[in-house]
Amino acid sequence: GTHASAALTHRLTLHTRMASLTFSASSAVTGARVAPKMTLARSPARVAAPVQITAKQTLEGKVVSVGLEKSAVMQVARKVPHPRYLKLINKTKKFTFHDEDNSCQVGMVVQIEACRPMSKSKKFTLKKICSDAGCAAE
């Protein structure tokens, strides 16, 4: 069948590839498929690259839970087109963030900023509390 002939041709191509390589007396493989060993010249002084400062990720959404101590949960909503039908669908995701003063209340619109992980789920801190219209209105 076709499957058996395909397996045979695959074995033959592997055999011809191995035949193109030759072994020298120093037990190093030479041939077209082996790259020559390159020696790198060391620079006299290694200079450390400057640290790049990047912008922190900020998210805006509505607070949905404040039952935790010094923490709150915010929900971010976004509209995404459906992969096949292209109708806009609402997608939501919840983020737990650090609220040092417990100043957030359920229903507030807040802005959070990425930080180092504080726990398994807390990776954001409260940046500012916005009006109900959102932070862009201010």
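Our subject is the structure listed above.
Rules of the game
Residues numbered from 1 in each chain as written. Predicted model: local features only at pLDDT ≥ 70, side-chain atom pairs only at ≥ 80, totals over all residues. Heavy atoms only, no water. Phe/Tyr/Trp six-rings, centres within 6.5 Å; stacked < 30°, edge-to-face > 60°. Helix = DSSP H or I, 4+ residues; strand = E, 2+ residues; numbered from the N terminus. Buried < 20%, exposed > 50% of the residue type's maximum accessible area, 1.4 Å probe, protein only. Lys NZ or Arg CZ within 6 Å of the ring centre and 35° of its normal. Core = buried A, V, L, I, M, F, W, Y, C linked by side-chain atoms within 4.5 Å. Contact = heavy atoms within 4.5 Å. Pairing = 2+ DSSP bridges. Salt bridge = Lys/Arg side-chain N within 4 Å of Asp/Glu carboxyl O.

A. Highlighting the packing of aromatic side chains. In the structure shown here, the tally under the stated rule is 1 aromatic pair. Aromatic pair Phe95 and Phe124: ring centres 5.3 Å apart, planes at 75°, arrangement edge-to-face. One end of the pair, Phe95, is in strand β5 (residues 88-98); the other, Phe124, is in strand β7 (residues 122-130), and 29 residues separate them in sequence. For the pair Phe95 and Phe124, one class covers both residues: buried. Of note, Lys93 hangs over the ring of Phe95, and the distance from its end group to the ring centre comes to 5.6 Å.

B. Molecular detail of the nonpolar core. Counting residues in each nonpolar core, the largest one holds 12 residues, listed as Leu59, Val63, Ala72, Met74, Val76, Phe95, Phe97, Cys104, Val110, Ile112, Ala114 and Phe124. Sorting the residues of this core by element identifies β3 (58-65), β4 (71-81), β5 and β6 (109-114) as the ones contributing at least two each. In contact with Phe95, other than residues within four places in its own chain, are Leu59, Ala72, Val73, Met74, Val76, Ile112 and Phe124.

C. Looking closely at the pairing of β7. The pairing of β5 with β7 spans 3 bridges and is classified as parallel. Across the sheet, residue His98 finds its bridge partner in β7, namely Thr125. Inspection of the sheet shows β6 paired to β7 by 6 bridges, in the antiparallel sense. Within the sheet, the bridge partner assigned to Val109 lies in β7 and is Cys130.

D. Highlighting the pattern of salt bridges. Counted by the stated rule, this structure contains 1 salt bridge. The partner of Lys70 in a salt bridge is Glu100, with the nearest N and O atoms 3.0 Å apart. Linking Lys70 in the loop between β3 and β4 with Glu100 in the loop between β5 and β6, this pair joins segments that are 30 residues apart in sequence. Its relative accessible area of 44% is what places Glu100 among the partly exposed residues.

Just geometry here; none of it tells us what the structure is for.
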